[in-house]
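# Structure assessment
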Amino acid sequence: MKRITLGLAALIHAIAFAQIPPASSLRWSEVAPGVWKATVGQPESLTLLSAAGAMAPRRAALAAMPPAAFPLDQADIEGRQWAAKTAVRFPLAANEDIYGLGVDFTAMRRNGAVFELHVDHWDSRRGIAGRTHAPVPLYVSTRGFAVLFDSARYLRVSVGHGVRLAAREKPPVIDRTTGKGWQAQPRSDSIEVLAGAPGLDVYVFAGPSPLDAVRRYNLFCGGGALPPKWGLGFLTRVPTRSTAGQALADVAEFRRHGIPLDMLGLEPGWMSHAYPCSFEWDQTRFPDPKAFLAEIERQHVRVNLWFNPYLAPQTPLHAELLPYAGTHLVWNGIVPDYTMPAAQKIFVDHLKRTIVDLNPRAVGGFKLDEVDGYDRYLWPDTAVFPSGRDAEQLRQTYGLLVQRAVFEAFHRGDRRTMGQIRGTNAGASPYPFVIYNDNYEFDGYITALGNSGFAGVLWSPEVRGSNSGEDMLRRTQAVCFSPLALYNGWASQQKLWTHAAVKEHIRNAITLRLRLLPYFYNAFAQYHHQGTPVIRPMPLWEGLYAPTADDRAASGRSGPPTGAAAAGQPAVAGKLDATTNPYEIPPAAREVKDQYFFGDSLLVAPIAPNVKSRKVLLPAGRWYDFHTGRFAGENQTIEVTPPLATMPVFVRDGALIPLLAEDRQWAPAAAETVALEVRHYGDAPGRLSLYDDDGETFDYERGGFSWTQLSVEKGANGGWTGAIKPDANGQRWSYGEVKWTFMPAP
Ligand code: GAL
């Protein structure tokens, strides 16, 4: 009887699955050192990497990384293609944690969740997992590799969810009525991805550590963004209806208050028409843009001009781009199909000719708004575009396409840019645009900052004003340790000096930001030349979570866990009552998502508005207080109660932190020579490769840069001394006198 039943089951299976081809293993080829690619089905011509215009991989930098073998058993990876769908399965080991999959605002660890990766304005009230400004389909494994699904489709990703019939080892089967440890979501041994596409390209990036895997991803995309030096200064955005006179008055106020300023953001009111946009100066508020820009240049400031890319009728750009418009309007403006090279060219030409070239020393960048969502603002999923592509493909890539156009407008003139963007995706690493959004939740902002480090993108919290001075101060201190330090006053009458009680502290925070320019710039140089993200969330800290040799040996097995609590997937308690949802997944083990590393040596622990004290996890190794130089702890969690004047920042033992020796009001210009201060922290000798170039042009692409070796050693008399070894081939070094400070300073 049993044999007949089994035979019948096999027959039913065979008939049913005849419609859908079996999953098969993929054929991998190494496309760059430590980077492998496989294709399932027939991928569409538009992918995320092709939309980003993927710059050439930085092969020499990839080759300089530790040699690495394919990090998984290839037999464990399989793909299947049927109808207009493609699925891929990767193994998930029992002790493996997954990070990445886009810039989430709530969590970092991804195990046990299902995502719909979809470009959108992240909104805490809706909280649909996977909908974010940067739903980059790159996952990073604690086993020391990363995987990219390169499709311009909405992707469904299940991480450790949905146990397969064919799984070799399955979670225990438990009777819920009587058994203990029954799970609403038994952990599976897979990460599964579904794309509504006839094919999919998949990339695997080797480690050996998770950070190395992210580095390989960034290098493969062309290296991380290298902004101009002034782009790491401070940006203020003025109210949307500001006139040229009011905008210049704001600059004058910054100078009067002694608050450094490098960028002035003009909001929709600079244009004659916005939502949809005209891309032309407003004659009333800006009657003489050339004269305005000349004054901006005299003030050592660059303007950053807001736009959304939907074009208003009755403008020359609208007429030129109308043949490339999609079927639907956004705020009654056309949506050009920028996947078409001819449309891109028209847009780039217009930006360069009529806006940037008006004064290339004063027009420094753009704020690329509204390329993310919401669904109710943008085109519906039924829209189609003249290239033959559809709404979904354009939604997933629009931010990439517009970044590429703006970058090109500056690159052609050999001037760097620093901008803002609200929607982006995979392949964006080389683009100097920082994501922002309209929420104002401090904790979410900091979690997003950490998650940006897994995704090859940049994100910054905002300060937009507050009725509480302390709130404004704490937010300002946090943005000063993020990729873009900005005050977004587009809808506010407040200024950074509104709250007299904290005005001084706000000025000090921004002054310190500019003093630290050499350190921050070095972190960006590492991002560009070595792929190392500027912001490193705690799980990317080498030595902290990177697997040991023992972990690696143990994780060779890719079966599911046997215990309920294995790898952070909590069991539902046996208790049932009328008030508890028995299917609710209890919060995962505490994640450290409220602190992060900026560059190699600084551990940043922002203080949320109105919070008096907080815990800080200091990883293995000795850590020192940035401000005082005093020992703070080692491999432990400490509690800090910082004064209002400072935000907690810690420095690794032996670190050399380069700063501008003097307080300044704006970043040094390309031809300027400035004095440097190098601070040494702790008891260990220090070494630093300090990068430099002209900070303004793309001369670094032609070899115009240097890495100078700084070191600090203890001499025979027990005192510290610092030494400098110039780069033998170095083309550029803009620092004059170097002052050494051995912390704690006397
Ligand atoms: C929003 C943007 C704000 C501001 C505003 C101007 O979409 O997020 O920062 O620029 O538009 O209308």
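This is a predicted model, so every value here is computed, not measured.

## As for unusual backbone geometry
- Each neighbour pair has its own omega, and for Gly-207 with Pro-208 the value is 20 degrees, a cis peptide bond.
- In this structure, Pro-208 sits in the loop between β13 (199-206) and α4 (210-220).
- Backbone torsion omega between Gly-373 and Tyr-374 reads 0 degrees, so that peptide bond is classified as cis.
- Its location among the elements puts Tyr-374 in the loop between β17 (363-368) and α9 (391-411).

## A word on the environment of Ala-667
- Examined against the element boundaries, Ala-667 turns out to sit in the loop between β28 (656-660) and β29 (674-680).
- Note: C-alpha distance between Ala-667 and Leu-261 (406 residues apart in sequence) is 8.5 Å.
- Once residues within four sequence positions are removed from consideration, Ala-667 is found in contact with Lys-229, Trp-230, Asp-262, Leu-514 and Leu-517.

## Regarding the domain arrangement of the protein chain
- Split into domains, the protein chain comes out as domain 1 (267-417) and domain 2 (656-743).
- One C-alpha centre belongs to domain 1, the other to domain 2; they are set 38 Å apart.
- If you look at the interface, domain 1 gives nine residues, while domain 2 gives eleven residues.
- Buried area between domain 1 and domain 2, summed over both chains or domains, comes out near 880 Å², and the portion from carbon and sulfur atoms is 47%.
- A per-residue breakdown of the area domain 1 buries against domain 2 is headed by His-300, Asp-414 and Arg-416, which together make up 66% of the total.
- Counting every contact that joins domain 1 to domain 2 gives five salt bridges.
- The partner of Arg-302 in a salt bridge is Glu-696, with the nearest N and O atoms 3.7 Å apart.

## Describing the pattern of salt bridges
- Tallied over the entire structure, the rule returns 52 salt bridges.
- Arg-168 serves as the salt-bridge partner of Asp-76, at 3.6 Å between the closest nitrogen and oxygen. Of this pair, Asp-76 sits in the loop between α3 (59-63) and β4 (78-82) while Arg-168 sits in the loop between β11 (155-159) and β12 (190-195), placing them 92 residues apart in sequence.
- Accessibility expressed as a relative area gives 12% for Asp-76, which makes it buried.
- Relative accessible area serves as the criterion here: at 69%, Arg-168 is assigned to the exposed category.
- For Arg-464, the salt bridge goes to Glu-462, with nearest N and O atoms at 2.9 Å. Each member of the pair, Arg-464 as well as Glu-462, is classed as buried.
- The network of salt bridges with common partners includes Glu-116, Asp-120, Arg-131, Asp-375 and Arg-395.

## Notes on the environment of Val-363
- Within the secondary structure, Val-363 sits in strand β17.
- Residue Val-363 is classed as buried on the basis of its relative accessible area, which comes to 1%.
- For the pair formed by Val-363 and Ser-466, sequence separation is 103 residues and the distance between their alpha carbons is 30 Å.
- Contact partners of Val-363, with chain neighbours within four places excluded, come to Leu-293, Val-303, Leu-305, Ile-355, Val-356 and Phe-410.

## Quick word on the sheet that holds β29
- One open sheet accounts for three strands, arranged β28-β29-β33; its pairing is mixed. Sheet topology places β28 and β33 (735-742) at the edges, where each strand pairs with a single neighbour. Put simply, the sheet's adjacent strands are angled 25 degrees from each other on average, direction ignored.
- The pairing of β28 with β29 spans five bridges and is antiparallel.

About the cut-offs
- Residues numbered from 1 in each chain as written.
- Predicted model: local features only at pLDDT ≥ 70, side-chain atom pairs only at ≥ 80, totals over all residues.
- Heavy atoms only, no water.
- Helix = DSSP H or I, 4+ residues; strand = E, 2+ residues; numbered from the N terminus.
- Contact = heavy atoms within 4.5 Å.
- Domains from an automatic or database assignment.
- Buried area = accessible area lost by both parts, 1.4 Å probe.
- Salt bridge = Lys/Arg side-chain N within 4 Å of Asp/Glu carboxyl O.
- Buried < 20%, exposed > 50% of the residue type's maximum accessible area, 1.4 Å probe, protein only.
- Pairing = 2+ DSSP bridges.
- Axes fitted to C-alpha atoms, helices over the stretch in contact; angles between N-to-C directions.

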